[in-house]
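# Fold and geometry: a report
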Amino acid sequence: MEFTAKQIADFIGGTVDGNEQTTVNTFAKIEEGKEGAITFLSNPKYTHYIYDTKASIVLVNEDLQLEKPVTTTLIRVKNAYECVAKLMQMYAQSMPKKTGVDSLAFVSPSAQIGKDVYIGPFAVIGDGVKIGDGTRIYPNVTIYDGCQIGKNVTIHAGAVIGADGFGFAPNTEGYDKIPQLGIVVIEDNVEIGANTCVDRSTMGQTIIHKGVKLDNLIQVAHNCEIGENTVMSAQVGMAGSTKIGAWCMVGGQAGFSGHITIADKTFIGAQSGVISNTKGNGEQLIGAPAIDPKVFFKASAVFKKLPDMYREMAALRKELDELKEKK
Amino acid sequence: MEFTAKQIADFIGGTVDGNEQTTVNTFAKIEEGKEGAITFLSNPKYTHYIYDTKASIVLVNEDLQLEKPVTTTLIRVKNAYECVAKLMQMYAQSMPKKTGVDSLAFVSPSAQIGKDVYIGPFAVIGDGVKIGDGTRIYPNVTIYDGCQIGKNVTIHAGAVIGADGFGFAPNTEGYDKIPQLGIVVIEDNVEIGANTCVDRSTMGQTIIHKGVKLDNLIQVAHNCEIGENTVMSAQVGMAGSTKIGAWCMVGGQAGFSGHITIADKTFIGAQSGVISNTKGNGEQLIGAPAIDPKVFFKASAVFKKLPDMYREMAALRKELDELKEKK
Amino acid sequence: MEFTAKQIADFIGGTVDGNEQTTVNTFAKIEEGKEGAITFLSNPKYTHYIYDTKASIVLVNEDLQLEKPVTTTLIRVKNAYECVAKLMQMYAQSMPKKTGVDSLAFVSPSAQIGKDVYIGPFAVIGDGVKIGDGTRIYPNVTIYDGCQIGKNVTIHAGAVIGADGFGFAPNTEGYDKIPQLGIVVIEDNVEIGANTCVDRSTMGQTIIHKGVKLDNLIQVAHNCEIGENTVMSAQVGMAGSTKIGAWCMVGGQAGFSGHITIADKTFIGAQSGVISNTKGNGEQLIGAPAIDPKVFFKASAVFKKLPDMYREMAALRKELDELKEKK
């Protein structure tokens, strides 16, 4: 599909600065722009690219001041970044989408599959699983028996939903398995990344509430609960029975101890180790054990000087002792 | 299946406090109890739930003192937590289990499959692989050629057993691959979590000894050895040729350097970085590099005060120098 | 296949010390040597094994001094470790290799598959994917639509190439998905470990340059770029748009913030957290935030003493104040 600068400007409410009839049919980063591509300039750090870009159209913020003429056509808008996202969404929606259950998927006869669902090759949908309308299950996903997946959920390739929680009771010779009799419930509009694992609960439910976005290779243990619209970057790990509130943001590789509660709108930095309940909504934490980010970064700066501090302290002790002796 | 309070009390050696004919057919957490469910109360923190729970039966410790009457039927036992685990095991054993090789699995003609084995859809069992009796291989598992899996092993969805160890030798233009000619041996009663990877050895064997329990998304590199009944939480990583003893416990996201030896019954905290041999059995370690947990938590508490300490040290130096000058 | 000591010595340019007609047909570690196996001795720590090994042939460095006679046949070479790697490569090349597209794989009709390619059972090759000559795709791998894989690439089981990058824009009710319209490009001679994820870019390409070796369970986010011959151990995570130079080495479980640039030949220790651009080629970093390794290990040694330092500092303050008062 091709669009003119004028069509695009009308759609997003911008003004054309250049040839209104310039056409584009794809997107590109500004430094990789080529003929027929639309790109955008949002970060001032990249402004210099606008004079050389081969892209046919560049979306820019309306207040952009040019220092010399450009050959590309500009569309001036209030917020270039938001507008390009909007255009990409429109473009993505216009593209044909795979739907239906692929003939190479395995879907249990007792599973209930909604409308307009896509299930890719080699995905496994276990007994009694429920999948809501509009949900997309990519190839090689495994959903164990009894789990419930909402509407408009996306589950990327290799993810495993509903494997046994990790529960064992020691005996004298080894460990007895504690059966994991619960399920996983994933509510509407959730996205689950590739190779992410969400374990079934021991009893009751492991719950991912609506709008949650989980990146790749994340571990959600049995009996966990993740609140609405919380976002987690790749490789985060949650131990069992931990509850995370709504609208939280969790950086990559962070870990949570079991049986703790994280309040709404908590911001957890990458690689943090969170080992206790948070104090209230909106807290920011980083480090392991996790503390206030300002303190963490200041203390980390001093950490480098610890060897010097250690020597200085010994010197202070010696000099002080000498001074006292002189008395 | 339904059981009466009397049947359950007889089975686990408890006494009924309430209606002996109350029946249940499922399990629930005490805060989510509903009619027809049995639950348990073990942690005193949750005692208040017993007065409101909708569960039909609650297993409680025999010494539980009630502050007011309850509507639910109680079964008093020595250890409520152990008893519920026992009941869940009985329940799980009574449920029908999938067995046999699914018609959608790929099993090499040269693989040897034991009795009462389950192999799920889209699992791949390579050439010459041996699988012992009673073992369960969930969907989308891949077992590379030549590996040996013992009896009553459980391997969850997406796990990869026997991929090449990560070995490369630099040359002037890049890296030559060092062929990984060994195998993986997994002994009896091991459980391997979803999407966990156990690499084949360069030569000889990567060995997971009997009774080991590995959670999800764990990396076991080539030539590693994990001793009997050692338990590892999710996302742990072991570099090559490291040996971990028997009955160890390893917290989530911990990492081990290569070519080190960890003694039996070592306890490694979550997110630890273990970079050298341990000193002997029963050691506890946490942090990166890993140290004694008491020291780690005390030092972490002081870490927050490092900026203050740095300032105070400068002040001490200044004041001391002034004092010395006055002499 | 069987080879005599003489044949092997001629092939690798060594001299036989013992029976030239001794034959071997497999490899073993020196401590697990058995009849018919060739092994090697490179690390002096293991020299004592040479007097007891059951291996038929041992490759040793030419300057090895024996303290007593051995029963095994020795082949003396300049560098025993390099020679055994060479022999293993020869052996591996002589072994029959699977080729062709397995009948249980799914390959889109619009994918372009090169010569001598192996694609295992239940691998998924999406629409328009290009795969170069000699590339090996193991079972249960998923390659999303439009990605490009070079020649002689190896992708291990369960890896996911081209899943959506993790991009969402907040609105008042939740998050809008930012469509991920780009692709993944993997150049020649790359190896990708089991269950590793490489996400497609928002626009343009996520690029893994030629010769890169990625271990298992690694996360490469959208718009990342990894330079030629860089090597990463298991469970490393890269956030979006980060560029890593050529010939870098990255230890296991290390993490990189988004939008940063790492110069060539950088050495990043295990579990590091790299949060800013590096200063130039050849830098070494470890810790979180990552710093110079010498400083890190010295400071870590002092970290253990922080509680003592804290007490000592309070003592110094008290004594100094007393001294000042006496004046």
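Cut-offs applied
- Residues numbered from 1 in each chain as written.
- Chains lettered and ligands numbered in written order.
- Predicted model: local features only at pLDDT ≥ 70, side-chain atom pairs only at ≥ 80, totals over all residues.
- Heavy atoms only, no water.
- Least-squares fit on C-alpha atoms with pLDDT ≥ 70 in both.
- Contact = heavy atoms within 4.5 Å.
- Buried area = accessible area lost by both parts, 1.4 Å probe.
- Salt bridge = Lys/Arg side-chain N within 4 Å of Asp/Glu carboxyl O.
- Polar contact = N/O pair within 3.5 Å; in protein donor to acceptor, adjacent residues only side chain to side chain.
- Helix = DSSP H or I, 4+ residues; strand = E, 2+ residues; numbered from the N terminus.
- Buried < 20%, exposed > 50% of the residue type's maximum accessible area, 1.4 Å probe, protein only.
- Pairing = 2+ DSSP bridges.
- Nonpolar A, V, L, I, M, F, W, Y, C, P; charged D, E, K, R; others polar.
- Phe/Tyr/Trp six-rings, centres within 6.5 Å; stacked < 30°, edge-to-face > 60°.
- Lys NZ or Arg CZ within 6 Å of the ring centre and 35° of its normal.

To continue, consider the relation of the copies chain B and chain C. Of the two same-sequence chains, chain B is brought onto chain C (RMSD 0.1 Å, axial shift 0.0 Å) by a rotation of 120°. In symmetry terms, the pair is related by a three-fold rotation axis.

This part takes up the interface of chain B and chain C. Across the boundary between the two partners, chain B contributes 71 residues, which contact 56 residues of chain C. Taken together, both faces of the contact between chain B and chain C bury some 5000 Å²; the carbon and sulfur share is 68%. When residues of chain B are sorted by the area they lose upon contact with chain C, B:Phe166, B:Tyr175 and B:Met203 head the list and together hold 16% of the total. As a salt-bridge pair, B:Lys177 and C:Glu191 come within 2.8 Å of each other at their nearest N and O atoms. Between the two partners, chain B and chain C, sit 22 residue pairs in polar contact (both at pLDDT 80 or more). Contributions of two or more residues to the side of chain B that touches chain C are made by β20 (175-177), α3 (293-303) and α4 (306-326) of chain B.

Time to look at the pattern of salt bridges. Under the defined criterion, the tally for this structure stands at 42 salt bridges over all chains. Between A:Arg317 and C:Glu312 there is a salt bridge whose closest N-O contact spans 2.8 Å. Separated into two different chains, A:Arg317 in helix α4 (residues 306-326) and C:Glu312 in helix α4 (residues 306-326) make up a pair that spans both. Its relative accessible area of 18% is what places A:Arg317 among the buried residues. Look at the salt bridges and you will find they share partners, linking A:Glu312, A:Glu319, B:Arg317, B:Asp321 and B:Lys324 into a network.

We now examine the sheet that holds strand β36 (residues 284-285) of chain A. Within the open sheet, the 10 strands sit side by side as β8-β11-β14-β17-β22-β25-β28-β31-β34-β36 (chain A). Their pairing is parallel. If you trace the sheet from one side to the other, it starts and ends with β8 (100-101) and β36 of chain A, each paired once.

To continue, consider the interface of chain C and chain A. Of the residues lining the interface, 71 residues belong to chain C; the matching set on chain A comes to 56 residues. Between chain C and chain A lies a buried interface of about 5000 Å² when both sides are counted; carbon and sulfur atoms form 68% of it. The three residues of chain C that bury the most area against chain A are C:Phe166, C:Tyr175 and C:Met203, which together make up 16% of that side's buried surface. Run the count over chain C and chain A and you get 6 salt bridges. Among the ionic pairs, C:Asp127 bridges to A:Lys98, the shortest N-O distance being 3.7 Å. Run the count over chain C and chain A and you get 22 residue pairs in polar contact (both at pLDDT 80 or more). For the side of chain C that touches chain A, the elements supplying multiple residues, two or more each, are β20 (175-177), α3 (293-303) and α4 of chain C. If one sorts the elements of the side of chain C that touches chain A by residue count, α4(C) sits on top with 9 residues. Looking at the side of chain C that touches chain A residue by residue, the class counts come to 38 nonpolar, 21 polar and 12 charged.

Okay, the packing of aromatic side chains next. The final tally for this structure, using the stated rule, is 30 aromatic pairs over all chains. Taking 5.1 Å as the distance between ring centres and 80° as the angle between the ring planes, the aromatic pair formed by A:Phe296 and A:Phe297 counts as edge-to-face. When its relative accessible area of 10% is taken as the criterion, A:Phe296 is described as buried. Grouped by ring-pair contacts, the aromatic residues A:Tyr118, A:Tyr138 and C:Tyr144 constitute a single cluster. Above the plane of the ring of B:Tyr51 lies B:Lys68, whose end atom (NZ or CZ) is 5.1 Å from the centre.

So, about the sheet that holds strand β22 (residues 191-192) of chain B. Reading across the sheet, the 10 strands line up as β8-β11-β14-β17-β22-β25-β28-β31-β34-β36 (chain B) and stay open at both edges, with parallel pairing between neighbours. Bordering the open sheet on either side are β8 (100-101) and β36 (284-285) of chain B, each of which pairs with just one other strand.

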